[in-house]
Amino acid sequence: MTKLWGGRFAAEPDARLKALNDSIGFDAQLYVVDIAGSSAYAAALESAGILTPAEAQEIQHGLRKVLSEFEQDVFVLQEGDEDIHTAVERRLGELIGAAAGKLHTGRSRNDQVATDGRLWLLDACRQVQSQIRGVQEMLISAAEPHLETVMPGYTHFQPAQPITAAHWLMSFFWMLQRDAERFADCARRANQSPLGSSALAGTPYPIDRQSLAERMGFADITANSLDAISDRDGVAEFMFAGSLLMTHLSRFAEDIIIYSNPSLGFIKLPDVYSTGSSLMPQKRNPDPLELTRGKTGRVIGNLSGFLTTLKGLPSGYNKDLQEDKESLFDTANTLALILPVLAGFIGAMELVPSKMRAALDEGLLATELADYLVAKGVPFREAHHLVGQAVRAAEQQNTPLSGLSLNDYQQISLAFERDVYGWLDFDAAVKKRTAAGGTSPQAVKEQIQKAKEILWASD
Ligand code: ARG
């Protein structure tokens, strides 16, 4: 089998080199974008007068045939098929003969693979955005019934202040919203066609790159051929957006793992999204959440591995760049596995308001007491100190803050009066946080409204 680049070589490459060098094992999935790019390129060659209309038609016909062979899973790989580009061109030659040999005029696999990569990325960004949206919608539906469900809010994972369960759930909506925007942004920058950059220096043929780009659905063309064929920014950006998204999902998973532990019991793991133990009959394990957390490591690994690949490369195409694909595909596949499961999980999980309430410790209201003293005219710093003394007294008496007598309070400060007990109320504490973005039921309702408007606007 003669290779597409075999002219200057007297011997076939060693089999061990082939195993290392070939990318067809993982880039065959680019066939849709590769053929779309070739079809647009054939049309551009025709417009430039390089192909006759008859030759262009033959090529288009042949490419459609190759596409359908891939789609029907009957495309047969041959020994010399190094990557998707050579495989498609080889098969086209078998199908239509001589005209196939003109398709690569003025084109290099360097601008071809860069084009394929960007077309693939545009589609992948759209897919991830819609998978993210699936999770966001479930977060909203899970939050809505729990505007008044009070739970402990934590800092340093120590009880801090009461919040509503809806507020907790919605906090992840906004992280995911920024993630979705990052993918949209990645697509916006990737949306330039490199085709016509050729190997590195640009093409000497009169190719109208702009209309070639439009034919493929790109918004624009790249401005520098050397940059265009060495650039893999989009790949790195996608993997970064994926890493940050997974990091958010991993933190969400961690919250649920903790909250579903029977010692807290805030959340019941749904049967259909949890697993049992082969030995311990009582077990119900949050496997999908653990895998979300676990696979975050691999997605971050894909990013840092690829950045390491890029960082020392000299200008121009280097074969190192072939390393972009496996990690990129792996990141996209991992996201496509995780996001739908999490959406389903959120839809099926059950919050247990009684357990959340049972976990409310009056220590969570210490800030309320400080605010109470502030309302009585005590400067905040001093109020903080006085309440600290009340907390200590309560600890010594082994009683909640409401168990201290008025006398106890007044020994600390005469600013405490009988109405202090009215401030030791979890629901009241939550309801007071009415400023925009706060945890009060009214503010969270407005937050959810805003979230819905954002989703509608992207419809
Ligand atoms: N399979 C190659 C890749 O994925 C295609 C580009 C090959 N270009 C070259 N000059 N050898 O990067």
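Quantities reported herein were computed from a predicted structural model and do not represent experimental measurements.

Student: Before we move on, could you go through the overall build of the chain and cite the residues and values that matter?
Tutor: Counting secondary structure elements, the chain contains 18 helices and 6 strands. Expected size for 459 residues packed as a compact globule is a radius of gyration near 23 Å; at 31 Å, the chain overshoots this value by more than 25%. In terms of overall dimensions, the chain has C-alpha extents of about 100 × 55 × 40 Å along its principal axes. Within the chain, the proportion of its 459 residues that are buried is 48%. The long-range share in the chain, meaning contacts at least 24 apart out of those at least 6 apart in sequence, stands at 74%. When the accessible surface of the chain is totalled, it reaches about 22000 Å², and 53% of it is carbon and sulfur.

Student: How would you summarise the pattern of salt bridges if you had to cite specific residues and measurements?
Tutor: The tally for this structure, following the rule as stated, stands at 31 salt bridges. Two residues, Arg-109 and Asp-83, come together in a salt bridge whose shortest N-O distance is 2.7 Å. Residue Arg-109 is located in helix H6 (residues 109–143), and its partner Asp-83 is located in the loop between helix H4 (53–71) and helix H5 (84–96); the two are separated by 26 residues in the primary sequence. One network of salt bridges, with partners in common, ties together Lys-65, Glu-69, Asp-81, Arg-90, Arg-91 and Glu-94.

Student: Summarise empty space enclosed by the protein; cite the residues concerned and give the values.
Tutor: Evaluation of the coordinates by the stated rule reveals 3 cavities of 30 Å³ or more. Looking at the second largest cavity, its volume works out to about 50 Å³. For the second largest cavity, the full set of lining residues is Val-135, Leu-139, Phe-172, Met-175, Leu-176, His-248, Leu-249, Phe-252 and Ile-346. For the lining of the second largest cavity, the class distribution of residues is 8 nonpolar, 1 polar and no charged.

Student: Residue-level account of the site of the ligand, with values.
Tutor: If you check the shell around the ligand, you find Ser-23, Asp-83, His-85, Arg-109, Asn-110, Val-113, Tyr-317, Gln-322 and Lys-325 and nothing else. A distance of 3.0 Å separates a nitrogen atom of the ligand from a polar atom in the side chain of Asn-110. Between an oxygen atom of the ligand and a side-chain N or O atom of Tyr-317, the distance comes to 2.5 Å. Coverage of the ligand by the protein amounts to 87% of the 340 Å² it exposes when considered alone. If one sorts the elements of the shell around the ligand by residue count, H6 sits on top with 3 residues. Per-class residue counts for the shell around the ligand are 2 nonpolar, 4 polar and 3 charged.

Student: So what about the packing of aromatic side chains? Which residues, and what values?
Tutor: Under the criterion given, the structure shown has 18 aromatic pairs. Aromatic side chains Trp-168 and Phe-172 sit 6.4 Å apart centroid to centroid with 85° between the ring planes, which places their arrangement in the edge-to-face category. Taken as a pair, Trp-168 and Phe-172 lie in helix H7 (residues 165–190) at a separation of 4 residues, close to a single helical turn. Using a relative accessible area of 5% as the deciding quantity, one classes Trp-168 as buried. Centre to centre, the rings of Phe-183 and Phe-238 are 5.2 Å apart; their planes meet at 75°, and the pair counts as edge-to-face. One end of the pair, Phe-183, is in helix H7; the other, Phe-238, is in helix H10 (residues 233–259), with 55 residues separating them in the sequence. There is no split in this pair, since Phe-183 and Phe-238 are both buried. Among the aromatic residues, those joined into a cluster by ring pairs are Tyr-154, Phe-157, Trp-168, Phe-172, Phe-252, Tyr-259 and Phe-266.

Student: Any chance you could break down unusual backbone geometry for me, citing the residues and the numbers?
Tutor: Of note in the backbone geometry, Ser-198 takes a positive phi value of approximately 60° without being a glycine. Within the secondary structure layout, Ser-198 lies in the loop between strand E3 (192–193) and helix H8 (209–216). A positive phi is found at Asn-398, a non-glycine position, where the angle reads about 55°. Relative to the elements of secondary structure, Asn-398 occurs in the loop between helix H15 (380–397) and helix H16 (406–412). Look at Asn-398 and you get exposed, because its relative accessible area is 73%.

Student: Outline the pairing of strand E2 (residues 158–164), listing residues and values.
Tutor: Within a regular beta strand, the side chains point alternately toward one face of the sheet and then the other, so they alternate between its two faces. Relative to E2, strand E1 (residues 150–155) runs antiparallel, the two sharing 6 bridges. In the strand pairing of E2, Val-150 is matched with Thr-164. Between the antiparallel neighbours E1 and E2 lie 2 residues, among them His-156 with a positive phi of about 55°.

Student: Can you explain the packing of H4 against H5? Please cite residues and give values.
Tutor: Two numbers describe how H4 lies on H5: the axes approach to 9 Å, and their chain directions differ by 120°. In terms of axis orientation, H4 runs oblique to H5. As H4 runs across H5, the sense of the crossing is right-handed. Contacts from Glu-58, Ile-59, Gly-62, Leu-63, Lys-65, Val-66, Glu-69 and Phe-70 of H4 reach H5 at Ile-84, Val-88, Arg-91, Leu-92, Leu-95 and Ile-96. When its residues are assigned to classes, the contact of H4 with H5 shows 9 nonpolar, 1 polar and 4 charged.

Student: How would you explain the side chain of Asn-191 if you had to name every residue and give the values?
Tutor: Structurally, Asn-191 is set in the loop between H7 and E3. Within polar-contact distance, the side chain of Asn-191 engages the backbone nitrogen of Ala-219 at 2.9 Å.

Student: Lay out H15 with the relevant residues and their values.
Tutor: Look at H15: 25 Å from first C-alpha to last across 18 residues, which is about the 26 Å you get at 1.5 Å a residue. All buried positions along H15 are accounted for by Ala-383, Leu-386, Val-387, Ala-390, Ala-393 and Ala-394. The arc that holds the buried residues of H15, viewed along the axis, is 110°, so those residues lie on one side. Among the exposed residues of H15, those pointing more than 90 degrees away from its buried face are Arg-381, His-385, Glu-395 and Gln-396. If you follow the buried residues of H15, they end up packed against helix H14 (366–375) and H16.

Student: If you had to explain the environment of Pro-262 to someone new, which residues and values would you point to?
Tutor: Structurally, the position occupied by Pro-262 is in the loop between H10 and strand E5 (267–268). With 93 residues separating them in the primary sequence, Pro-262 and Lys-355 have C-alpha atoms 9.7 Å apart.

Scoring rules and cut-offs
- Residues numbered from 1 in each chain as written.
- Predicted model: local features only at pLDDT ≥ 70, side-chain atom pairs only at ≥ 80, totals over all residues.
- Heavy atoms only, no water.
- Helix = DSSP H or I, 4+ residues; strand = E, 2+ residues; numbered from the N terminus.
- Rg over C-alpha atoms; globule rule 2.2 N^0.38 Å.
- Buried < 20%, exposed > 50% of the residue type's maximum accessible area, 1.4 Å probe, protein only.
- Contact = heavy atoms within 4.5 Å.
- Areas by Shrake-Rupley, 256 points an atom, 1.4 Å probe, with all protein chains shown as cover.
- Salt bridge = Lys/Arg side-chain N within 4 Å of Asp/Glu carboxyl O.
- 1 Å grid on protein atoms, 1.4 Å probe; cavity = no way out; pocket = protein on both sides within 12 Å on 5 of 7 lines; lining within 4 Å.
- Points joined across faces, edges and corners; volume = space filled by probe spheres on them.
- Nonpolar A, V, L, I, M, F, W, Y, C, P; charged D, E, K, R; others polar.
- Near = heavy atom within 4 Å.
- Polar contact = N/O pair within 3.5 Å; in protein donor to acceptor, adjacent residues only side chain to side chain.
- Phe/Tyr/Trp six-rings, centres within 6.5 Å; stacked < 30°, edge-to-face > 60°.
- Pairing = 2+ DSSP bridges.
- Axes fitted to C-alpha atoms, helices over the stretch in contact; angles between N-to-C directions.
- Parallel < 35°, antiparallel > 145°, perpendicular 65-115°, else oblique.
- Left-handed = near helix turned anticlockwise from the far one by under 90°.
- Expected span 1.5 Å × (residues − 1).
- Arc of directions from axis to C-beta.

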